[in-house]
Every structure is written in structure tokens, then in C-alpha cells.
Amino acid sequence: MVTRRVAALLLRAAVRRWPAASRAELGREWAAELHELARTGRRWTMLRFATRLATSRSAPPLVDRAAPRRDVWRTAGVLLLAPPACLVALVLAATVMNLTDEWLAGHLAWATAAQLPVWAGGTALLGVLLACAVTRGARRTVRVGALPTALGVVLPIAATAAVVLGLFAGRGESGVAEMVPGVLLWLALLAPAVWAAGALARRGRTRAAWLVGVLGALVAADAAVALTVIATIPAAAPAAADLPPDAVDRVSAPLWLLTCWTDSSWGLPRPTEWERFLITDRVGVEPMFYLACTPYAVAYAVAAARVAAPGPEPVAAPA
């Protein structure tokens, strides 16, 4: 009886050293073998058998070697295709804006004032839909830290912006050089916002992650728009004839991003109607691109971090 109990203890120790998926089946097989050895009176053979099981190395779990490769390609696909998809969303929203303006021009007097809100609303809607798709893809991508995730999000956006600016320069578009500082500032501020969102999400603070990520991205876009306006439109300029001066008062700088999205001063004296015209005429595409990229950038960082976050440790069943 003593040898049978010792063999049973060694058997339980051997079973616990194997992967959880194999324990039940192996435990049944080994218990049947011990029972047969005990029934036939071969107790020392039973002890040697149980000792070998308890001291031998467990077989490593089967690993799908193709899975990591699929995860890498899936991650690259999500991160590289999302920025061009933002450009597509921006163009589609602009097309809807033009069609809406043509339809409303002959019916409503405020059709022109609705152009930017329609463009921004369409861009935001498509950006949110893209973020939902990216969130699904982020659940099956490579798991890395918050900082590599932020760089993986921001660098493809930077590459896409560089390609677009290069195409504009190649076509001889004016004002391309003035766009570069604002875009660089936006990327430099967007990376910390995405990193902070991912870091908070890894700690389980999902609401705080979304709040910090979205607010940080908005601050980055606002600062980038302000830099572009300051660099291209003077603060004071002489008036010509009866026209107002081609200048923008800097006191309204925090509202310039919302002005580019809504063409409104939100009931405040600044920016004036003429200043709004100057701002939106000079900074048109960049704020919409920022708006399209913000939802997916924050969503990917939060979704990837939440999946990567460790769950509670399983409680071992009593022997």
C-alpha cells in the first residue's frame, strides 16, 4: 500500500509538469499502467515507472511555426494600409461635400457655409469605421510594448504623408514647403499620445487610455494647424483700399483647428469671417488628414495593448 501511494504521488507530480491540454489524457494512461503493475504485484517496477515519469523532461507543447509569420504579415498589412485608407476616406468625404454643395447651392443660401462641416463629418465617420476595422485586426497582430506600437503606428503615417507631399511638390503645387513643419510637429506630438494610450491600456485603464489618446491627438493636430497658420499668414498687414488686412490675430490660435473643421468661430469675436477665410484657404487638407488618422491610431494602440495585457493567473486545482 505504501509503494502504491508513493507511486501515485510521483504520478501526480509528473502530470503537473506537462501542458494543461495533455494532462487529463496522460494521467488516465499512466494511472491505468500503475493499476496494472500493482495488480500483478510488480511493485518495484511500478515505483521505477513512476519515478522515471516524475524525473524525465516533459515534451514541449506543439507550436504552430507559421502562426508568428502570419501575425507579422497581418500586422504589417494593418499598419501599412491604414494611412492610405485614411487618404481614401478624405477623398470620398470631399467628393460627398462637392456633390452636396452642388445639390444645395440652388436651394439653400447657407450651402457654402456647410462645405467644411460636411467634409469634416464625412471624414470623421469614415475614420471611425476604419478604426473599427483596425480594432478587429489589432486583436491578431504581433504583441509588442507600447513604444514600439506607437512607432509602428506613426511611421507608416509619416511615410504616407511624405509620399503625398512629394507628389504635390512634383506637380508644382504651391505651399508644399510650408506644410512640412506642421506635419512634422503633428507626428512628433502624435507619437507620445499613442504611446501613452497604449501604456494605460496595458495597465487595464481603458477609459483613461482613450481619453489621453484622443485629447493628445487633438492637441497635436491643433498645434500643427497653428504652426502652419503662423508660418504662412502674418499677424499684421497693411489694408488695401477698403479690404481688411491679410492677417490673422494670434489670440484665436486654439480655435483654428475647429475653424478648419466647422468654418465657425463658435460665437466668439475671433477669428473673424475674413480670418476664417484666410485660415481655411491656407490650411485645408491637413486638418482633414489629421481627423481621418486620429481614430484608427488611438484605436490600434488601445486594442493591441488590451489583448497583450496579462490576465489573472489560473488557480491550480487541489491535488
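It should be emphasised that the depicted structure is a prediction, and the values quoted were computed from it without experimental measurement. (Residues numbered from 1 in each chain as written. Predicted model: local features only at pLDDT ≥ 70, side-chain atom pairs only at ≥ 80, totals over all residues. Heavy atoms only, no water.)

Quick look at the overall build of the protein now. Check the secondary structure of the protein and you find 11 helices and zero strands. Going from N to C terminus, the protein has its helices and strands arranged as α-α-α-α-α-α-α-α-α-α-α. Looking at the protein as a whole, 39% of its 319 residues are labelled buried. For the protein, contacts bridging at least 24 residues in sequence account for 73% of all contacts bridging at least 6. When the accessible surface of the protein is totalled, it reaches about 18,400 Å², and 66% of it is carbon and sulfur. (Helix = DSSP H or I, 4+ residues; strand = E, 2+ residues; numbered from the N terminus. Buried < 20%, exposed > 50% of the residue type's maximum accessible area, 1.4 Å probe, protein only. Contact = heavy atoms within 4.5 Å. Areas by Shrake-Rupley, 256 points an atom, 1.4 Å probe, with all protein chains shown as cover.)

Turning our attention to the confidence of the model for the protein. The predicted model of the protein averages 80 in pLDDT, with 80% of residues at 70 or higher. The secondary-structure element of the protein with the lowest mean pLDDT is helix H1 (residues 2-16), recorded at 72, while helix H8 (residues 206-232) shows the highest, at 93. Across residues 60-67, where pLDDT falls below 50, the model places two contacts with residues more than four positions away in sequence or in other chains. Predicted confidence is poor over residues 308-319, with pLDDT under 50, and the contacts of this stretch with residues over four places away or in other chains come to five contacts. (pLDDT = per-residue confidence, 0-100.)

Here helix H7 (residues 176-202) spans 39 Å end to end across 27 residues, near enough to the 39 Å set by a 1.5 Å rise per residue. Where H7 ends, the next residue or the one after it, Gly204, has phi of about 85 degrees, a positive value. (Expected span 1.5 Å × (residues − 1).)

So, about the side chain of Arg276. Counting through the fold element by element, Arg276 comes out in helix H10 (residues 273-282). Leave out the neighbours within four places in its chain, and Arg276 touches Thr259, Asp263, Ser264, Ser265 and Pro271.

At a closest axis distance of 8 Å, the pairing of H7 and H8 adopts a crossing angle of 170 degrees. If you check the angle between H7 and H8, you find them roughly antiparallel. Grouping the constituent residues of the contact of H7 with H8 by class yields 19 nonpolar, five polar and one charged. (Axes fitted to C-alpha atoms, helices over the stretch in contact; angles between N-to-C directions. Parallel < 35°, antiparallel > 145°, perpendicular 65-115°, else oblique. Nonpolar A, V, L, I, M, F, W, Y, C, P; charged D, E, K, R; others polar.)

Approximately 330 Å³ is the volume attributed to the largest pocket. Along its surface, the largest pocket is lined by 17 residues, and Phe168, Met179, Gly284, Val285 and Glu286 are the ones closest to its centre. For the lining of the largest pocket, the secondary structure elements donating two or more residues are helix H4 (66-104), helix H6 (146-170), H7, H10 and helix H11 (285-308). Looking at side-chain class alone, the lining of the largest pocket contains nine nonpolar, three polar and five charged residues. (1 Å grid on protein atoms, 1.4 Å probe; cavity = no way out; pocket = protein on both sides within 12 Å on 5 of 7 lines; lining within 4 Å. Points joined across faces, edges and corners; volume = space filled by probe spheres on them.)

Counted under the stated rule, the structure contains two cavities of 30 Å³ or more. Lining of the largest cavity is provided by Leu87, Ala161, Val164, Leu165, Phe168, Met179, Val183, Val285, Glu286, Phe289 and Tyr290. Of all elements in the fold, only H6, H7 and H11 reach the threshold of two or more residues within the lining of the largest cavity. Among the residues forming the lining of the largest cavity, the class breakdown is 10 nonpolar, no polar and one charged.

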